[in-house]
Structures are given as structure tokens and as C-alpha cells.
Amino acid sequence: MENINVTEKARRIRGDILRMLYTSQSGHPGGSLSCVEILISLYYQVANVDPKNPKMENRDRIVLSKGHACPALYAVLADKGYFPREDLWTLRQIDSHLQGHPDSTKTPGVDVNTGSLGQGVSIATGIAIAAKHLKADYKVYAIIGDGESQEGLVWEAAMAAAHYKLDNLTVILDHNRLQIDGSNEEVMDIGDIMKKYEAFGFECMKVNGHEIDTITAALKKPVGSGKPKFVCCDTFKGRGVSFMEDQFGWHGKAPSEIEYLDAMKELGVDTND
Amino acid sequence: MIEKQSLRVSYGNALVELGRKDSRVVVLDADLAHATMTSIFAKEFPDRFFNFGIAETNMVCAAAGFAHAGLVPFFSTFALFGAGRAYEMIRNSIAYVDANVKFGLSHSGLSVGEDGGSHQSFEDIALMREIPGMTILVPCDPIETRKAVFAAAEISGPVYIRVARPIVDTITTQDTPFVPGKANPMRDGSDICIMTTGLMVPYALAAAEQLAAKNINAAVVNFHTIKPFDNQCVLEMANKCGAVVTVEEHSVIGGLGSAVAEVLAGNSSARFARIGIQDKFGRSGKPEHLFKEYGLTAENIVNQCMALKG
């Protein structure tokens, strides 16, 4: 585990996310801000990854299946040193390696292309089956959204994960309860997601998704042999910026100048930093 | 020398042969192993065969995961449920990253027969043609099917092999060239060129025989590769013959007929007609009855050629 102040790290990552979205005037703030602690836990405390060797053979695979939250992923990857932080300000612009949704062929540190919901967790499942077949000991982590769990493919993948006894796979849910058109409950109620994953054969845990150490403890907790793991992280969309928090309207909207300055002030991050 | 064999049996046998040579080759199926004949591979290599149940979209993404981990997955199910149902996964999770996944999709076209319109895929080539970087191979007989499997393994990136269900005659030989992207002339001629693919190749050859009796000298070219397409061959034959008929067991929209039309448009004044499924769904029936009903016969090819020359 790296000896870092992860709370401070989360604050700075949030600042970078907002600056990226403000600069490009495009992207998804709500779901990016909700998964910051999940990504910090994975990249700084849990996963075996090496920014100097992004294609290291036995690296753990981290798949951001809710690909629209990639500003958070990019900010973390830059902070880890996969590419210069200045690249972040080119988000979504022509010739940038930072695409609107993660692209493994362009961005160092991105293992799997995602963005079309449901596919990332399914690919992660395939990687985990292949890893077992090849007797490789790396682990696979997939971060899904709650809106994403409305995709049938998510459950096809869950069924396969149990069938193939993927104790090397962890599915992490960023459960911020909101999606584009409103709350999950209003749009398409996902019900008791813990019970659903339990019924599919996963070992399930529920944590506060904004407490990094708690997430890390859950991710590191050993599971029964042959069981895939499901960690439900209760989060808030737009976390860290009061006027964005818990507002579905901030799913895919870039902040205006005033909103950006207000948000940065609230985070306590210098816009020139 | 095999005289008659279903392409799917040839496919299954070729996978075993390939599997013996390359331990990275694994096979994925969606509860149709005994129909796609990947069961032959499963029997020989149970540890390298993965059944995904009736969940084709997950199987596509899982195949992307397998390729990511360094394996060479061959993916099999019916053409409609792979290329059709899982189209967007093939586009985004496979082709968009140039994943090294091979699709051997069987039960394509009208020759599925009795299962009817819900299972007869006339649009799989069209769907796959739209995807950048996809190679499309359409073998015409058991020998070409084996060659297609081996060629697919040699190609880096996604490959679609269209496999048909019926037992068919062998019409090529081991020595017949099979170079992806290079069409095979099957019969020389100068009056009209019949450009065809897959199961329709023997029908085109039979039609050329009948045309010869009417003093029409028809060339037959086998386009076993629909993508990358042999544009040069199309133009050469169109210029030489002045008339072109395409024949395919697929919709005339988006398949071989469209590929040829795209080359001819603006580049050739050759007369042109397309034989294939004319923007219709299929239905139940014995394949030979359906072929007659939908105009996939030597007789119809002869008539269309005569009309074009007329």
C-alpha cells in the first residue's frame, strides 16, 4: 500500500476532473465524481500495476465498464504517471489520446475499451476465464454503474462468472442511484442488487463508496474458493461539489465558467495549480 | 479426398487440426456445438472448449477478453445470432480494438431450410462488411472451409468465416489457390462473367455449362473473400466480358452484389444484374425447394445471363 494521503488525493483528482470537463466543455461529471474513491483504492492500495510498464504481463486488469466516467480514470492514470498531467486538458479534442470513452489502443494504462454499457464487465469476465485457463495469477476488477446493470449483458456475464468459478474476478458497483433520465427507481428499478448478485453466486459486500480504506478492505478480503466477488459501493453522483451532488442533471453536462470556479473554490483547488 | 461433406463438419475438423498446431487456439460456442460441429474440437480438447450457454453477446465480449489475454478464440454459433444479435459487441468489443477473434458462424443463408425465416441469415455479410478491419471469408466447399480456417489463424485481427449447413460436393482441390482478398477464376469466358461466392459457386458453374450449349461463353469467378474485396478482378472481368451477374445466397443488399456494384459504379459500363435474396425474409422448406423459390438455381442464372446479353 502506498503511503499517501488518499483524502487529499481524492480532492486533487476531483479538481482535475472538473478542469478537464470545463476545458473541453464536454463529458460526464456526475458519474466521474462518484467513483473517485473506488479508483483511488484500486490504483493506490489494491491492484498490482506499474505505470512504467503499462503492459506488464501479470498486471491486474482494471476495467472501467461504466466508461463514461473516464475523466476520473484519466485523472488517476495521469497522477500515477502513465502519461503527463497536461494531457488531461486535451480530453475529447481531436488528436487527443483521451477519447470520450476509454480506448486501449490510444491511452497508456487503459486495458479494455468500454463505453457501450455492459460490455466491459463481460470482457473482464472473459479475461478472468482466460487467466485461469493460462494459469496466470493476476486479478480482474470491473467497475459497473447501477444504470448499466439494467443491461441484460451484465447478467449474462454474472452467470458465466459463477459458472466458471471466477474467484479472480471482482465486480464493483458504483451505486450512485441516478442515471440520465432520473433515479434508478424511476427509470428502471434495479431492486435489491445485493440479493441479485448473491443469487447469481457472488460473494457480496456493501461499503461506503466514499471511504477509501473501507473499499480497500472489502477488495482485499479473501473470498471462498471459486466465488466471484461483488462489492456494492454506496456513492453519491457528483460527490464533492454541493450543487452537483445527488443531481441527475449533472450526468453528462460540462460546467460553465461560474460553475467551474465555484466548484474549484468549494474543493479548495487552485485553478492554476 | 473428400467428395461430399457439410462445411460445418469440415470447419470442426479444421479447428482440431489447427488446435493441434497452436495451443493458443480455443473454441467458444453458445449451446450449439453439435450443430456448428465445434463438438469435434470439444471432444479432442475439452480444456480448450468453452460453452457460454445461450448468451451470444456475452460470448463475443468474453472472446475479446480471451484475445486480450493472448489466446486465439474461434467463436461459433448460428450466423444470425452472432453477426445479427451480437452485432454491436462485434463492432465495439472486437473490431474497434482489432481483437484477434475469429468468427466461424454456421447455418448462414437460405440453406438452413426447415428452421425457417427466424434462423435464415441473409444479412450477415452486409453487417460484417460495414465494420472496418473485418475480413470476410465465404468458403464454397469442404476444402475451402479448411483453408479459410487456417487463413483466418494467419490473419491478425477479426475474421468472419461464413459456414453453411448442407452437405455439398467438393469442387476445388488442395492445390486450388486460396489467398484472402484474391478472387479465384473457376472458368474462363469472354461473353459474360458470373461472380459468385459460397454455396452458389457450383450453381454458377452448372449455369456456365448450360450457357456454353447456347454459345454464350461465361466466365465464373469465386469470390471466397468479400472483404478485403478483389476490386481489380471485378474491373478486369467487367472490361473483358462487358456483362456481369452476381450470384449469392444472401441479400442482394449489402453482400457480394453490392460489393461488385460499388466497384462498377463510375468505373465500368458493363451490364449488370444481381441474383440473391431480393429484400425478403426466408421461410421453412427443404433447401432445394427454397433455392428454387428464391431463384437460386442454375436455370435462373442462365435466364438472367441471357436477358443481360439479349
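Residues numbered from 1 in each chain as written. Chains lettered and ligands numbered in written order. Predicted model: local features only at pLDDT ≥ 70, side-chain atom pairs only at ≥ 80, totals over all residues.

Chemist: Account for helix α1 (residues 7–21) of chain B, with residues named and values stated.
Modeler: A rise of 1.5 Å per residue sets the reference length of α1 of chain B, with its 15 residues, at 21 Å; its end C-alpha atoms lie 21 Å apart and thus fit the reference within 8%. Those residues of α1 of chain B that fall on the buried side of the exposure criterion are Leu7, Arg8, Ser10, Tyr11, Gly12, Asn13, Ala14, Leu15, Leu18 and Gly19 of chain B. (Helix = DSSP H or I, 4+ residues; strand = E, 2+ residues; numbered from the N terminus. Expected span 1.5 Å × (residues − 1). Buried ≥ 20, exposed ≤ 12 C-beta atoms within 10 Å, placed from the backbone.)

Chemist: Now, about the interface of chain A and chain B: what can you tell me, with residues and values included?
Modeler: If you look at the interface, chain A gives 20 residues, while chain B gives 20 residues. Those elements giving two or more residues to the side of chain A that touches chain B turn out to be α5 (119–133) and α6 (152–163) of chain A. Counted by class, the side of chain A that touches chain B contains 11 nonpolar, eight polar and one charged residues. (Contact = placed C-beta atoms within 7 Å. Nonpolar A, V, L, I, M, F, W, Y, C, P; charged D, E, K, R; others polar.)

Chemist: Any details on unusual backbone geometry? Residues and values, ideally.
Modeler: Of note, the bond from lysine 227 of chain B into proline 228 of chain B is cis; its omega dihedral lies within 30 degrees of zero at -5°. Tracing the backbone through its elements, the reader meets proline 228 of chain B in the loop between β12 (225–227) and α10 (231–241). For arginine 177 of chain A, which is not glycine, the phi dihedral falls at a positive 70°. By secondary structure assignment, the location of arginine 177 of chain A is in the loop between β3 (169–175) and β4 (178–179). With 17 C-beta atoms packed within 10 Å, arginine 177 of chain A lands in the partly exposed category. The phi dihedral of aspartate 246 of chain A is positive, around 65°, even though this residue is not glycine. With 16 C-beta atoms packed within 10 Å, aspartate 246 of chain A lands in the partly exposed category.

Chemist: Just give me the short version of the packing of helix α9 (residues 201–213) of chain B against helix α13 (residues 298–309) of chain B, but keep the residues and values in it.
Modeler: All names here are of chain B. Following both chains from N to C, one finds α9 and α13 inclined at 55°, their axes separated by 8 Å at the closest point. In this view, α9 runs oblique relative to α13, as classed from their interaxial angle. You can see that α9 and α13 cross each other, and the crossing is right-handed. Of α13, the residues touching α9 (which contributes Tyr203, Ala204, Ala206, Ala207, Gln210 and Leu211) are Ala298, Ile301, Val302 and Cys305. (Axes fitted to C-alpha atoms, helices over the stretch in contact; angles between N-to-C directions. Parallel < 35°, antiparallel > 145°, perpendicular 65-115°, else oblique. Left-handed = near helix turned anticlockwise from the far one by under 90°.)

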